[in-house]
Amino acid sequence: MRPATLNGYQRAIDRNLEAWKHKPLKDISGAMAVTRHAELCKSASPTVAMRAMQVLRATHRFATEFYGTDDAELPFGRCPVDKINKIQRKWSQSKPRTGRLAVDELAPWLTAVRNLPSHQKRSDGDWKRVAAYLELILLTGLRRREAGFLRWEDVDLRRGTFTVRATKNGDDHTLPISARVRELFELRREAGKALQEIAQRHPTERNIKAALNHKTTGDVTGLHYAQVTTEDLLSTLPRPSRSEG
């Protein structure tokens, strides 16, 4: 698993299954899973409840395969989540996200995003990164993690392209750089320089960490899902000439 996936599993356990962390796996019953699922649906959301039970199921299945033998194929008994399947068949089906900005909402949204640095009390460069990150997602269709972990070494301003590594389908994905995206990359670079200067002037732990993160990780946006195809982008975003940059 990727580190981000493992972190997600750990968060689900710590937040929603914390009372069971030190309980033997064989002592977690189907009735307990059903009850906890219902509690999370009420106190949090069906999506949070679904995620917690998916983590429990994955953990139980892994432990069963790893520790099970021919003499004891189910060393921890049946998976407790199986009980939820019998009581509520569609518990693991989440509704797809359908929310999107309408055409008449784009201009106000972009204005608000671009004004973030001036409207926030902090002037340490963080909000410039946030603004660049949000607009980059809108213009390129990157998933939030793809945009958040984009690296300078994968941005080729001379050729006018950038490459996204480790995408959801596992393949690298190269996209064109439009004129505005080029400006966003430049804004991000300037925001990173501002963070480093502040860390030098005010060497607090937070500022030092922010500057070091920018310097050592090589990320473009410094943060962490809109999704469009390459063909969609090519047909809507102007491509800069090869002489630019």
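In this text the structure is predicted, and so the values were computed from the model without any measurement.

Draft legend 1. Here's a closer look at a nonpolar patch on the surface. A surface patch of nonpolar side chains, about 410 Å² in accessible area, is lined by Phe 62, Phe 66 and Tyr 67. Structurally, Tyr 67 can be placed in helix H3 (residues 46-67). Among the residues examined, Tyr 67 registers a relative accessible area of 52% and is labelled exposed.

Draft legend 2. Quick look at the pairing of strand S2 (residues 161-164). Of the strand pairs in this sheet, strand S1 (residues 155-156) and S2 are connected by two bridges, and their pairing is antiparallel. Directly across from Asp 156, in S2, lies its bridge partner Thr 161. Once S1 ends, the chain turns through four residues before running back antiparallel as S2, passing Gly 160 with a positive phi of about 75°. In this sheet, strand S3 (residues 173-176) lies alongside S2 in antiparallel orientation, the contact comprising four bridges. Pairing of Thr 163 across the sheet is with Thr 174, part of S3.

Draft legend 3. Geometry of the pattern of salt bridges. Per the counting criterion, the structure on display carries twelve salt bridges. A salt bridge links Glu 146 to Arg 143, with the shortest nitrogen-to-oxygen separation between them at 3.1 Å. Arg 143 carries the same exposure label as Glu 146, and that label is buried. Residue Glu 183 is joined to Arg 180 by a salt bridge in which the shortest nitrogen-to-oxygen separation is 2.7 Å. Separated by three residues within a single helix, Glu 183 and Arg 180 lie in helix H9 (residues 179-201), roughly one turn from each other.

Draft legend 4. The packing of aromatic side chains, seen in detail. Applying the stated criterion to the full structure yields five aromatic pairs. Ring centres of Tyr 67 and Phe 76 lie 6.2 Å apart, and the angle between their planes is 90°; on these two criteria the pair is classed as edge-to-face. For the pair Trp 152 and Phe 185, a centre-to-centre distance of 6.3 Å together with 65° between the ring planes defines the contact as edge-to-face. In this pair, Trp 152 is assigned in the loop between helix H8 (144-148) and S1 and Phe 185 in helix H9, connecting sequence segments 33 residues apart. For the pair formed by Trp 152 and Phe 185, the shared burial category is buried. In textbook terms, an aromatic cluster arises when at least three aromatic residues are bridged by ring pairs, as seen for Phe 62, Phe 66, Tyr 67 and Phe 76. We note Arg 145 situated over the ring of Phe 149; from NZ or CZ to the ring centre the distance is 4.5 Å.

Draft legend 5. Examining the sheet that holds S3 more closely. Pairing is antiparallel across the open sheet formed by three strands, whose spatial order is S1-S2-S3. Strands with a single pairing partner mark the edges of an open sheet, and in this sheet they are S1 and S3.

Draft legend 6. The confidence of the model for the protein chain, seen in detail. The pLDDT averaged across the protein chain works out to 78; a share of 73% of its residues lies at or above 70. Per-element confidence in the protein chain ranges from a low mean pLDDT of 42 for helix H10 (residues 205-217) to a high of 94 for helix H2 (residues 30-43). Ignoring residues within four places in sequence, the model shows residues 205-219, a span with pLDDT below 50, making 31 contacts including any to other chains. Contacts from residues 221-234, a stretch scored under 50 in pLDDT, to residues over four places away or in other chains number 44 contacts.

About the thresholds
- Residues numbered from 1 in each chain as written.
- Predicted model: local features only at pLDDT ≥ 70, side-chain atom pairs only at ≥ 80, totals over all residues.
- Heavy atoms only, no water.
- Patch = residues over 30% accessible without salt bridge, like charges linked within 9 Å, V, L, I, M, F, W, Y side chains within 5 Å.
- Areas by Shrake-Rupley, 256 points an atom, 1.4 Å probe, with all protein chains shown as cover.
- Salt bridge = Lys/Arg side-chain N within 4 Å of Asp/Glu carboxyl O.
- Helix = DSSP H or I, 4+ residues; strand = E, 2+ residues; numbered from the N terminus.
- Buried < 20%, exposed > 50% of the residue type's maximum accessible area, 1.4 Å probe, protein only.
- Pairing = 2+ DSSP bridges.
- Phe/Tyr/Trp six-rings, centres within 6.5 Å; stacked < 30°, edge-to-face > 60°.
- Lys NZ or Arg CZ within 6 Å of the ring centre and 35° of its normal.
- pLDDT = per-residue confidence, 0-100.
- Contact = heavy atoms within 4.5 Å.

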